[in-house]
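# Fold and geometry: a report
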Amino acid sequence: MPKATNDAKLLIQSLGKAYAATPTNLKIIDLYMVFAVATALIQVVYMGVVGSFPFNSFLSGILSCIGTAVLAVCLRIQVNKDNKEFKDLPPERAFADFVLCNLVLHLVIMNFLG
């Protein structure tokens, strides 16, 4: 077992060093994704404790959080300078796409609420 523990520590240290070199704008997007997923998990726990009487509201909240996190992943992929596929796409255009898609997502979610 000590070998596996050392391997896990080395893995965490190497991931920490690699993430330290990540640009600040990508770290902010990562934090936003963590917040969106944590909010979805809190809603699931709340539904488990209290109940899911307005089920449309529960589904809307979950879909909003997960959809926003997915759109943030797409934004992170497009803004990343190391990604060769989107090298010609300016970050302002990627952010405008993110905002527009978020607007459409939340309009659909508001419609689903009834």
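The structure displayed is predicted, hence computed values, not measured ones.

Another point: the overall build of the protein. Helix and strand counts for the protein come out as four helices and zero strands. The secondary structure elements of the protein, listed N-terminal to C-terminal, are α-α-α-α. Relative to its length of 114 residues, the protein is extended, with a C-alpha radius of gyration of 18 Å against a globular reference of 13 Å. Evaluated residue by residue, the protein yields a buried proportion of 25% over its 114 residues. Surface accessibility of the protein: about 8400 Å² in total, with carbon and sulfur atoms responsible for 73%. Once the 9 positive and 7 negative side-chain charges of the protein are each reduced to a mean point, those two points are 9 Å apart.

Turning our eyes to something else, we now look at the UniProt feature "transmembrane region" (unreviewed entry) in the protein. The UniProt feature table records "transmembrane region" (unreviewed entry) at residues 31-49, 55-75 and 95-113. The span residues 31-49 shows a helical share of 100% and a strand share of 0%, and its end C-alpha atoms are spaced 27 Å apart. Structurally, residues 55-75 is divided into 100% helix and 0% strand, and its ends, taken at the C-alpha atoms, are 30 Å apart.

Let's shift gears to the side chain of Q78. Here Q78 shows up in helix α3 (residues 55-79). Excluding anything up to four places from it in sequence, Q78 contacts F86, L89, A94 and D97.

Reading the values: the criteria
- Residues numbered from 1 in each chain as written.
- Predicted model: local features only at pLDDT ≥ 70, side-chain atom pairs only at ≥ 80, totals over all residues.
- Heavy atoms only, no water.
- Helix = DSSP H or I, 4+ residues; strand = E, 2+ residues; numbered from the N terminus.
- Rg over C-alpha atoms; globule rule 2.2 N^0.38 Å.
- Buried < 20%, exposed > 50% of the residue type's maximum accessible area, 1.4 Å probe, protein only.
- Areas by Shrake-Rupley, 256 points an atom, 1.4 Å probe, with all protein chains shown as cover.
- Lys, Arg positive; Asp, Glu negative; His and termini not counted.
- Charge placed at Lys NZ, Arg CZ, Asp CG, Glu CD.
- UniProt positions renumbered as here; feature names shortened; annotations may be inferred.
- Contact = heavy atoms within 4.5 Å.

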